[in-house]
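# Summary of the model geometry
Okay, here's what each chain looks like letter by letter:
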Amino acid sequence: MKTCTAQEAYLKKQTIRKFQIRFFRIFVLLAFLTLWQCASDLGWIDSFIFSSPVKVVRTFYNLMKDHSLPMHIGVTLAETLISFVLTMFFTVLTAILLWIFPKFAEVTEPYFVVLNSLPKSALAPLLIVWLGANMKTIIIAGMSVAIFGSIISLYQGFQEVSQEKMKLIYTLGGKKYQVLLKVVLPASTPYLLSTLKVDIGLCLVGVIIGEFIGARQGLGYLIIYSSQVFKLDWLIMSIVILCVIAMILYQGLCVLEKWYTKKK
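In what follows, the accompanying structure is described. (Residues numbered from 1 in each chain as written. Predicted model: local features only at pLDDT ≥ 70, side-chain atom pairs only at ≥ 80, totals over all residues. Heavy atoms only, no water.)

### Side note on the nonpolar core
Leu69, Trp99, Val184 and Leu219 are the most contacted members of the largest nonpolar core, which totals 45 residues. For this core, the secondary-structure elements that each account for two or more residues are helix H3 (53-65), helix H4 (68-100), helix H5 (102-117), helix H7 (135-159), helix H9 (176-214), helix H10 (219-228) and helix H11 (232-263). For this core, the element with the highest residue contribution is H9, accounting for ten residues. When sequence neighbours within four positions are dropped, the list of residues in contact with Leu219 reads Leu69, His72, Ile73, Thr76, Ile208, Glu211, Ser238, Ile241, Leu242 and Ile245. (Core = buried A, V, L, I, M, F, W, Y, C linked by side-chain atoms within 4.5 Å. Buried < 20%, exposed > 50% of the residue type's maximum accessible area, 1.4 Å probe, protein only. Helix = DSSP H or I, 4+ residues; strand = E, 2+ residues; numbered from the N terminus. Contact = heavy atoms within 4.5 Å.)

Following this line, the structure appears as structure tokens:
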């Protein structure tokens, strides 16, 4: 009974803690929005430059009403998801090839490090020149921000897999592909999920960079256009929408990670 009581007390404490965290998260957001609105209404800040929550909501409603905003959101979301899926595919494929051919990995490692360190905003104009201003170019721009770091992280995860387990498979007559399928990939799944949670945000950043330079649709284009014509309500609304999209995509991957952890 004592153990059960202690466990119940611990679970209750954890529930209260989670409730407190959620409460303060919502409180901080509401406090920020209230302060922002009050500062705009009282003239503490220039409402033309900094806008206000009411103006942002009104702008969002008007653009949703004329059906222009859903198109921009849909384009950015589609480009981000395609970029993310392709990044995930090529990350896993490249990491597997590096693991299968360790000499090739040793040769290419410094190049991956350099490419990962390169400011990707410098690549976007070059991609536009090479491939043209189209959706394909923007997707590649999104991939370029995430893929090199992802390959490095996942390959390092492969390297940290227990050597004893792999030797056991080899001792029992197993082949390298069996070691990969039975040991390396299952053991590296947590690394992959952690990497993907970072990649989804990086892909979104890369897509926006591409839209800044060579797009006529999408939230990145809307941000650049609104800054050029001084429609700052549009600009701030677009940034808010990007924050919401990033949060939803990240939380979706967190749910996937929790599901995998429970299943395991």
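### Topic: the packing of H3 against H4
In the contact formed by H3 and H4, the axes pass within 5 Å of each other and the chain directions differ by 90°. The orientation of H3 relative to H4 falls into the category roughly perpendicular. Here Phe60, Leu63 and Met64 of H3 lie close against H4, whose contacting residues are Ser68, Leu69 and Pro70. Among the residues making up the contact of H3 with H4, the classes are represented as five nonpolar, one polar and no charged. (Axes fitted to C-alpha atoms, helices over the stretch in contact; angles between N-to-C directions. Parallel < 35°, antiparallel > 145°, perpendicular 65-115°, else oblique. Nonpolar A, V, L, I, M, F, W, Y, C, P; charged D, E, K, R; others polar.)

### Examining the pattern of salt bridges
When the charged atoms of two side chains with opposite charge come close together, those side chains can pair. Summed over all chains, the structure comprises one salt bridge. We note a salt bridge from Glu257 to Lys197, for which the minimum N-O separation is 2.7 Å. Residue Glu257 is located in helix H11, and its partner Lys197 is located in helix H9; the two are separated by 60 residues in the primary sequence. What makes Lys197 buried here is its relative accessible area of 17%. (Salt bridge = Lys/Arg side-chain N within 4 Å of Asp/Glu carboxyl O.)

### Here's the deal with the side chain of Thr195
Relative to the helices and strands, Thr195 resides in helix H9. When its relative accessible area of 10% is taken as the criterion, Thr195 is described as buried. A distance of 2.8 Å separates a polar side-chain atom of Thr195 from the backbone oxygen of Tyr191. What Thr195 contacts, discounting residues up to four positions off in sequence, is Ser150 and Ser153. (Polar contact = N/O pair within 3.5 Å; in protein donor to acceptor, adjacent residues only side chain to side chain.)

### So, the packing of helix H8 (residues 163-171) against H9
The geometry of H8 relative to H9 is characterised by a closest axis approach of 10 Å and an angle of 140° between their N-to-C directions. Taken together, the axes of H8 and H9 are oblique relative to one another. Helix-helix and strand crossings are classified by hand; for H8 and H9 the assignment is right-handed. For the pair formed by H8 and H9, the contact residues are Lys165, Met166, Ile169 and Tyr170 on the first element and Lys176, Val179, Val183 and Val184 on the second. Split into classes, the residues belonging to the contact of H8 with H9 amount to six nonpolar, no polar and two charged. (Left-handed = near helix turned anticlockwise from the far one by under 90°.)

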